[in-house]
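One-letter residues, chain by chain:
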Amino acid sequence: MALASPKTNIEISRMVTKVGPPLDFSFGNLSAVTDAMEEEPRKGTKAKEGYSKVVTAVRFNNNSISELSDVVPTIRAIVVDFSAVSWLDFSFNDVIHIHESLAQFPNLSTLYLHGNHIVSFNEVKKLVPLMSLRILTLHGNPLESLDGYRNYVIGTLPCLKQLDFSAVTKQDRRNAENFTKLCAKRFASGKKSKKRED
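Source: prediction; values computed, not measured.

Colleague: Before we go on, may I ask you to explain the sheet that holds strand β7 (residues 166-167) in this structure?
Modeller: What holds strands together in a sheet is hydrogen bonding between their backbones, with the strands either parallel or antiparallel. Pairing in this open sheet of 7 strands is mixed, and the strands run β1-β2-β3-β4-β5-β6-β7 from one edge to the other. The strands lining the two open edges of the sheet, one partner per strand, are β1 (23-24) and β7. Pairing of strand β2 (residues 57-59) with strand β3 (residues 87-89) involves 3 bridges; the strand directions are parallel. The partner of Val-58 across the bridge, within β3, is Leu-88.

Structural data, given as structure tokens:
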């Protein structure tokens, strides 16, 4: 079996030049993700020229987006290679629910959701299928004030390396593990006491 030859500097250079700048729809008065199909991004390739380069980051921050259900079809429509998208920024919007469709981004490693209206830990569970997710922001959402917030998020998403612009430490991981065990015991004992009452 022959080994693949390493790429030359020229080949690597050609690959790098095919990657375009982030598509930046921030501060665009967008009320829905689909509005990006009619808008020109702030920086980078303009729609009329065509998005001919691979885009790895798309920014929707500082808008009025409340629903993320159309994010997959919208991004599929505006980028050349959907699977290359590794960074999405939905910070400072009106998002209440994280949509399950985000799990369709196979290489999503960075997701900014800070400064929204997410209230429940159940929303975090929807991110579990994102095996490449390493950086997540959720601060500035109501769920940040819930007891055990950092422990819960790290316990639910153990592959994270950074949460809310702060590195996930070994101590964070131990705390999250203990928190998860404690919650499991409380849940189990709660079920037992309910059965006794019945």
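Colleague: So what exactly am I meant to see when it comes to the side chain of Glu-123 here?
Modeller: Looking at where Glu-123 falls in the secondary structure, it is placed in helix α3 (residues 121-125). A relative accessible area of 7% places Glu-123 in the buried class. Leave out the neighbours within four places in its chain, and Glu-123 touches Ile-96, His-97, Ile-98 and Ile-118.

Reading the values: the criteria
Residues numbered from 1 in each chain as written. Predicted model: local features only at pLDDT ≥ 70, side-chain atom pairs only at ≥ 80, totals over all residues. Heavy atoms only, no water. Pairing = 2+ DSSP bridges. Helix = DSSP H or I, 4+ residues; strand = E, 2+ residues; numbered from the N terminus. Buried < 20%, exposed > 50% of the residue type's maximum accessible area, 1.4 Å probe, protein only. Contact = heavy atoms within 4.5 Å.

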